[in-house]
Structures are given as C-alpha cells and as structure tokens.
Amino acid sequence: MASAAEQLAANLNFSSFANATELKKRIWFTLGALIVYRIGTYIPVPGVDATVMGQLLARHQGGILGMFDMFTGGALGRMTVFALNIMPYISASIIVQLMSAAIPSLEALKKEGEGGRRKLNEYTRYLTVVIALFQAYGIAIGLENMHTEAGSAVVSPGLFFIVSCVLTLVGGTMFLMWLGEQITSRGVGNGISLIIFAGIVANLPNALASLFQLGYTGALSPFFVLVFLVLAAVTIAFIVFMELAQRRVVIQYPKRQVGQRMFGGDSTHMPLKVNTAGSIPPIFASSVLLIPVTIAGFVNNSSMPGWLSFLGQSLGQGQPLYMLFYAAMIVFFSYFYAAVTFNPQETAENLRKQGGFVPGIRPGANTAAFFDRILTRITTIGALYLVAVCLLPQILISHYNVPFYFGGTSLIIIVTVTIDTVTQVQSHLVAHQYQGLMRRGRGRKGKMR
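Residues numbered from 1 in each chain as written. Predicted model: local features only at pLDDT ≥ 70, side-chain atom pairs only at ≥ 80, totals over all residues. Heavy atoms only, no water.

Some points on the overall build of the protein chain
Thought 1: Broken down by element type, the protein chain carries 18 helices and 6 strands.
Thought 2: Looking at the protein chain as a whole, 45% of its 449 residues qualify as buried.
Thought 3: Taking the intrachain contacts of the protein chain between residues at least 6 apart in sequence as the baseline, contacts between residues at least 24 apart amount to 73%.
Thought 4: Carbon and sulfur atoms provide 64% of the accessible area of the protein chain, an area that totals close to 23,700 Å². (Helix = DSSP H or I, 4+ residues; strand = E, 2+ residues; numbered from the N terminus. Buried < 20%, exposed > 50% of the residue type's maximum accessible area, 1.4 Å probe, protein only. Contact = heavy atoms within 4.5 Å. Areas by Shrake-Rupley, 256 points an atom, 1.4 Å probe, with all protein chains shown as cover.)

Structure follows, in structure tokens:
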C-alpha cells in the first residue's frame, strides 16, 4: 500500500512544475551559480604558460593530475583560479567526519543538533584553508620545477609567483566552497556535489569526440566503439539500480490503549542503502594510490630512489599491483565509512526509547547485533559493486586507451548526483502540492462558515 506522499508524487505532472514558482527560482539560481563556476574555470592563474601546462598534463594524464583535472572540469589543465576546485573541502569534511567518530569531544558536538553541526562546519572550513594552502604551495613549487621542450611552465619564477599563485588558488577554493553552500541553501541539490558534477559533465562531449576520433582513425574498431557505448549504457543502468537498492528493515510499534481508544500498532520500515558510502571510497582510493605515481613523475629520474621508481611503476594505472590495492582500498573505505555514518547501538537505543522494535528481535543489544549483521552484509555487496564498476573501466582505459572521463568514479558521481537532485526536485513539487491542497481546504472551510 503506497503512502499518501508516494501517491501524490506519482501524480506529479508538468503543470505542477509550471506552478511551482519557488522551485523555478531555485533551479535558475542553481544554473546561474554553475555558469559562474564554469566561467571561473577559464580565468588563468597569472604567470603560468598554458601551452607548457597542457603538455605537462598530457604527460601525467595517468596520474593524480589527470584524475584531479577530471574533477575540476579541465581547470587544472588550464591552470585557472579554480584549479584546486572543491577537493580540499571534500578532504576536510571527510577528515572531520572520521575524527568525530574517534574523538569524544567532536562526537559530542555531532550529537548536539544544529548548534553542533554548525561548529563542525566551522572546523571543516578552517581545515579546508589549511589543506588548500598546502596543496596550492605544492602546486606552485611543482610548477616552477616543471620544464618541457617548449620551456618552463612558469614565466617568471620567484617568491612573487609563489605568493600570488597560492593566494589565487586558495581564494578560488574558498569562493567555490561559499558558492556550493549557497546552492545548497538557495538552490536545488547538494552544492558541493553539483560543482563536481558540472566539471565532469562539461568535458564529457570532448571525451565522446575523442572516442569517435579513435574509431574514425582506426585506432579502435567501429565494432568495439559500439560495444563500448552499449557497455557504458548497461553500466549506468546497473549503477542506478545499485544506488537505489535498499534493505528495508520492518519496524513495528506496539498498540497503546488511552481511555477507550486504541493508538499505535503501526508498522514502518527503515531503509538501509546497499552503497552507504556513495562515491567516497573510489575517490579516496584513487587519491592515495596515485600519489606515488605523481611524486615519481615530479622527481628527476637520475636522483630518484630505486624503491620510489619501482613503486611508481608498479602502482601505475592498469598494473596488477595497482588493481589489487585499488580494490582492497575501495573495500576498506566502504566498510570504514559505513561504520562512521551508521551506529547500530545508537539506532537500536533510539528505537527502544520510541517503543519500536524489529519483529522477532528483542530490543537492545540483540537489535544492535541484528543491524550490525545486516549492515555488514549489504556493505559487502556495495563494496563488490564499487570494485566491479571501477575496475572494469580501468581495464578499458589501460588496454584500449578509452578516454579517462569514462572511468567508474566519474560515472558513479554523475548518477548519484543526478538521483539526489531529481529527488530534491520531486520533494519540492510534493511540498508545493501539499501547500496547494491545504490552501484549498482552508478556502472551503471559509465558504462553509
């Protein structure tokens, strides 16, 4: 039996969207903010030779630079003011989440409600500045040491360039952090996720053009291009299915007699997502494993230690050791993030206080053990799904030179952000229809009086 909200959502049509003035304002604000973001990805950092930077990025396309350039929508390859994008903020937010599970004082803040969340957000912003400063300084120093046949990546190296480059990159990141928060509060969807989504989608046409160019020149057979497109469509459908997959735990509430009337006795369900961690495990696994490759690319081969050279070659994309560690780290981060975001003991205690219980399971410790067992099983399925989706494109990229934007991480981000945004649009439409029904109901009552 569908609920009233589900029945109302099923009856949504274009006329309800046309009448939702508030929703249209939010959509236009979101589109305007994303346009501002895309304009910023073409404003270059002063003192950087764009031609040399393009050659350097092509050389390190298989390393962390290539992955970051994908997330920044090409801003890193053009070395623009948004070259760091929102990645420092994502790293800071995940670090704060992990620390809140390990440090009692931060865990207490997390449980304080809105005030505690504001304090944690403040800590996240401070940590974002620190991470952005380190990353920007590393990029500035790295740019000064980069040289190609066309010359140096920096026109005038020196202290002035380092300071201006660091300030520009950190300022760009802070602006994007503010812009993402504005999209979340005044627009539609999660602003941070939409910024990454816009960067990836903006370069998908170039990736498709590169794929068709490979087929046209004979580097890839037309049959392989067709099979690859069909496989990409099947992969996207599989990602949608897995991202929407849930394990619904039935929750029963006992009946209560008040006077001569009976209350309660209802049953509901607690949805547990199969992929609780979303796209975080592949992003973190890629970042960690590609750091040795990037360091090996920056260091002069003559002065490079032997172990670093071996590590950089063994952890290159497509290498067996890279695939093994990549899969292992995806599984590790999937379990770790699921354990941080869902606390079985706390959930069982909250159910007990509200009078709810799982049919056939005793409240308290048994319910917590039941939730823990279910979470372990569905996280295993979610982790294996992430490994399959991320490793298959890696094999195609390394062996068939498929464009990097068709990687599993980018597809997961595109699908999850799209689902989240559509869900929020639908919730706004449902709220609009509820408000309309309430206004009509009050109007009828006024006429009857």
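Once you've had a look at it, read on.
So, unusual backbone geometry
Thought 1: In the Ramachandran plot, Met 79 falls in the positive-phi region, its phi being about 50° despite a non-glycine side chain.
Thought 2: Note on placement: Met 79 falls in the loop between helix 5 (64-71) and helix 6 (87-102).
Thought 3: Judged by relative accessible area, which is 1%, Met 79 ranks as buried.
Thought 4: In this structure, Asn 85 takes a positive phi of about 55° despite not being glycine.
Thought 5: Mapping Asn 85 onto the fold places it in the loop between helix 5 and helix 6.
Thought 6: Assessed through its relative accessible area of 0%, Asn 85 is described here as buried.

A closer look at the environment of Tyr 385
Thought 1: Its location among the elements puts Tyr 385 in helix 17 (residues 365-400).
Thought 2: Each C-alpha atom of the pair Tyr 385 and Asn 275 lies 8.3 Å from the other, and the pair is 110 residues apart in sequence.
Thought 3: Contact partners of Tyr 385, with chain neighbours within four places excluded, come to Phe 238, Ile 239, Met 242, Glu 243, Asn 275 and Ile 412.

Some remarks on a nonpolar patch on the surface
Thought 1: A surface patch of nonpolar side chains, about 290 Å² in accessible area, is lined by Ile 35, Ile 39 and Ile 43.
Thought 2: As for its position among the elements, Ile 35 is in helix 3 (residues 21-40). (Patch = residues over 30% accessible without salt bridge, like charges linked within 9 Å, V, L, I, M, F, W, Y side chains within 5 Å. Salt bridge = Lys/Arg side-chain N within 4 Å of Asp/Glu carboxyl O.)

A word on the packing of aromatic side chains
The description of two aromatic rings rests on the distance between their centres and on the angle between their planes.
Thought 1: Per the counting criterion, the structure on display carries 8 aromatic pairs.
Thought 2: Considering the side-chain rings of Phe 82 and Phe 175, the 6.0 Å spacing of their centres and the 5° angle between planes classify their relative orientation as stacked. In this pair, Phe 82 sits in the loop between helix 5 and helix 6 while Phe 175 sits in helix 9 (residues 159-186), placing the two residues 93 residues apart along the sequence.
Thought 3: Looking at Phe 82, the relative accessible area reads 6%, which means it is buried.
Thought 4: Chaining the aromatic ring pairs together yields one cluster made of Tyr 37, Phe 82, Phe 175 and Trp 178.
Thought 5: One cation-aromatic arrangement involves Arg 78 over Tyr 42; the distance from NZ or CZ to the ring centre is 4.0 Å. (Phe/Tyr/Trp six-rings, centres within 6.5 Å; stacked < 30°, edge-to-face > 60°. Lys NZ or Arg CZ within 6 Å of the ring centre and 35° of its normal.)

What to know about the nonpolar core
Thought 1: Formed by 54 residues in total, the largest nonpolar core has its most connected members in Phe 71, Ile 86 and Tyr 326.
Thought 2: With 8 residues, helix 15 (residues 320-341) is the single largest residue contributor to this core.
Thought 3: Residue assignment places this core across two domains, with domain 1 (23-200) and domain 2 (219-403) each supplying three or more.
Thought 4: Those residues in contact with Ile 86, other than ones at most four positions away along the chain, are Thr 173, Leu 176, Met 177, Ile 192 and Ile 196. (Core = buried A, V, L, I, M, F, W, Y, C linked by side-chain atoms within 4.5 Å. Domains from an automatic or database assignment.)

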